[in-house]
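The chain contents come next:
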Amino acid sequence: MKTAALGFQHLLAMYTGAVLIPLIVGGALGLSSAQLTYLVAIDLLMCGVATILQVIRTKWFGIGLPVVLGCTFTAIGPMIAIGGQYGVSGIYGALLASGLLVMLFARFFGKLVRFFPTVVTGTVVTVIGITLIPEAIKNMGGGAGAEDFGSASNLLLAFGTLAVIIALYRFSTGFTRAISIMLGLVAGTVIAAFFGKVDFQAVGEADVFHMVEPFYFGMPTFHWSAILTMTLVAMVSLVESTGVYFAVSDMRDEVPDEKDLTRGYRSEGLAIFLGAVFNAFPYTAFSQNVGLMNMTGVKSRKVIFTTGGMLIILGFLPKIAAVTTVIPTPVLGGAMLAMFGMVISQGIKMLSPVIRDSTENSMIVACSIGMGLGVTTVPELFRSLPEGIQILTSNGIVAGSLTAIVLNIVFHASFSKKSAVEVPAAERAS
């Protein structure tokens, strides 16, 4: 019973981050309520599968640490861009290929970690937050193209939700603070229901139980630029996960070696591949669950295995998934503003020490964030380039990430002295 309770706590801690991404991406691609319900359900199921794949340890797969995996925010912008250009089939073709590449070259990716020091990962995290803020603002107004965009009722719901989150964060501690965004979503939705702005039709129409369906959105299509984009996203996600691996290992007085990391990366590649087959998303290790381990002092693989099992069960219960789809867009926008703002805050926290230590790092950060933000606000800057390349250059996250990687090589070209599995101290502590 205690194990189940602790596992459920971890589920709550990661739940908001897990369901927000399918809601954001599905909403941007214009999916129906039934399709959104499936997307949320399959996402929860595959989060559970991805988590279990990491908790176990075999010869080929699993880092064997109590880490929880969920959708990576890095993928939101690129997936929306790919979907807009090539359709949903293009997204899952790119994910299939990128997942396969990660599995095949897991050992090689382990050696590439050296090219992602804190100045790069911190910049990428900051760019992710900055480039996603416009999506939050659009939703706060009621969603792009909404007839009542910016209406008083929409703004009241958006800022009311944000106020609840801020109040919970200010006056609560521990686990309540950790799930403040989820509680804010619940409060905002309840308030919206009193104003008749919540439609429960999707919940009523959803089945109590369903079987997952491979290629639910149709057969995948493959485009080299989309594959390259999602492979870059996967690499950034691997770096995010590496920081979590070292943080959890430190808590357990363990030190992962290159073989451990390779198994962990291979598991993430397999999770991406399976997620693409069932039309879910790419995954990364969630740092919020590391914070929960710090609070409870419980670092058991059994607990996280239980969390993974619970997520899989939820994936077969579409009625529960459908509940999340009734969250009004302005309520979602208010929560997104807080969540993406926290992403920016985390990026700034990571960058503060490296900027202070090096003027070269300041230039890397300045140009990379400038490029990421600039391309987000003026995506037509590179419209004269071939269409296949524009999927790379017109996305702020990809453009900012590539700029950070290249400039880090330009300013810090001497990598031969670093171990293939070395992660900067600041990143280990994140």
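Data block above holds the structure.
This structure is a prediction, so every number in the text was calculated from the model and none was measured.

Mapping Leu-332 onto the fold places it in helix H16 (residues 329–357). Sequence separation between Leu-332 and Gly-62 is 270 residues; the distance between their C-alpha atoms is 34 Å. Discounting chain neighbours no more than four positions away, the residues touching Leu-332 are Leu-20, Leu-23, Asn-139, Leu-185 and Ile-327.

Attention shifts here to the side chain of His-210. As for its position among the elements, His-210 is in the loop between helix H10 (201–205) and helix H11 (224–251). Judged by its relative accessible area of 14%, His-210 falls in the buried class. Among the polar contacts listed, one links the side chain of His-210 to the backbone oxygen of Gly-315, at a separation of 2.9 Å. With near-sequence residues (within four places) excluded, His-210 lies in contact with Tyr-38, Ala-41, Gly-315, Phe-316, Leu-317 and Pro-318.

Right, let's get into the packing of aromatic side chains. On inspection of all chains with the given rule, the structure shows six aromatic pairs. For the pair Tyr-38 and Phe-217, a centre-to-centre distance of 6.4 Å together with 75 degrees between the ring planes defines the contact as edge-to-face. Placement of the pair is Tyr-38 in helix H2 (residues 33–55) and Phe-217 in the loop between H10 and H11, with a sequence separation of 179 residues. Judged by its relative accessible area of 5%, Tyr-38 is buried. By relative accessible area, Phe-217 is classed as buried at 18%. Members of the aromatic cluster, joined through ring pairs, are Tyr-38, Tyr-92, Tyr-216 and Phe-217. Positioned over the ring face of Tyr-169 is Arg-177, at 4.4 Å from the centre of the ring.

Right, let's talk about the environment of Leu-157 for a bit. Assignment of secondary structure puts Leu-157 in helix H7 (residues 152–171). Sequence-wise, Leu-157 and Gly-84 are 73 residues apart; in three dimensions their C-alpha atoms are separated by 29 Å. The contacts of Leu-157, once residues within four sequence positions are left out, are Gly-188, Ile-191, Ala-192, Lys-197, Pro-330 and Val-331.

Attention now goes to the nonpolar core. Generally speaking, soluble globular proteins have nonpolar side chains that are buried together. Phe-73, Ile-76, Met-79, Tyr-283 and Phe-340 are the most contacted members of the largest nonpolar core, which totals 132 residues. Ranked by residues supplied to this core, first place goes to H11 with 16 residues. Ignoring any residue separated from it by four or fewer positions in sequence, one finds Met-79 in contact with Ile-21, Val-25, Ile-91, Leu-95, Met-230, Phe-281 and Pro-282.

A few words on the packing of helix H17 (residues 359–377) against helix H19 (residues 396–411). Where H17 contacts H19, the two axes come as close as 8 Å, and the packing angle between them is 160 degrees. Viewed along their axes, H17 and H19 adopt a mutual orientation that is roughly antiparallel. Seen from above, H17 lies across H19 with right-handed handedness. Listed contacts from H19 to Glu-360, Met-363, Ile-364, Cys-367, Ser-368, Met-371, Gly-372, Val-375 and Thr-376 of H17 are Gly-396, Ala-399, Gly-400, Thr-403, Ala-404, Leu-407, Asn-408 and Phe-411. Residue composition of the contact of H17 with H19, by class: nine nonpolar, seven polar and one charged.

Take the pattern of salt bridges next. Any two side chains of opposite charge can pair, given that their charged atoms come close. If you walk through the whole model with that rule in mind, you get four salt bridges. With a closest N to O distance of 2.6 Å, Arg-263 and Asp-260 form a salt bridge. Of this pair, Arg-263 and Asp-260 both sit in helix H12 (residues 258–277), three residues apart, which is roughly one turn of that helix. Comparing Arg-263 with Asp-260 shows no difference in burial state: the two are buried.

Right, let's get into unusual backbone geometry. For Asp-253, which is not glycine, the phi dihedral falls at a positive 55 degrees. You can see Asp-253 is positioned in the loop between H11 and H12. Even without being a glycine, Asn-279 presents a positive backbone phi close to 65 degrees. As for its position among the elements, Asn-279 is in the loop between H12 and strand S2 (283–285). On the basis of relative accessibility, which here comes to 0%, the residue Asn-279 falls in the buried class.

What counts, and where the lines are drawn
Residues numbered from 1 in each chain as written. Predicted model: local features only at pLDDT ≥ 70, side-chain atom pairs only at ≥ 80, totals over all residues. Heavy atoms only, no water. Helix = DSSP H or I, 4+ residues; strand = E, 2+ residues; numbered from the N terminus. Contact = heavy atoms within 4.5 Å. Buried < 20%, exposed > 50% of the residue type's maximum accessible area, 1.4 Å probe, protein only. Polar contact = N/O pair within 3.5 Å; in protein donor to acceptor, adjacent residues only side chain to side chain. Phe/Tyr/Trp six-rings, centres within 6.5 Å; stacked < 30°, edge-to-face > 60°. Lys NZ or Arg CZ within 6 Å of the ring centre and 35° of its normal. Core = buried A, V, L, I, M, F, W, Y, C linked by side-chain atoms within 4.5 Å. Axes fitted to C-alpha atoms, helices over the stretch in contact; angles between N-to-C directions. Parallel < 35°, antiparallel > 145°, perpendicular 65-115°, else oblique. Left-handed = near helix turned anticlockwise from the far one by under 90°. Nonpolar A, V, L, I, M, F, W, Y, C, P; charged D, E, K, R; others polar. Salt bridge = Lys/Arg side-chain N within 4 Å of Asp/Glu carboxyl O.

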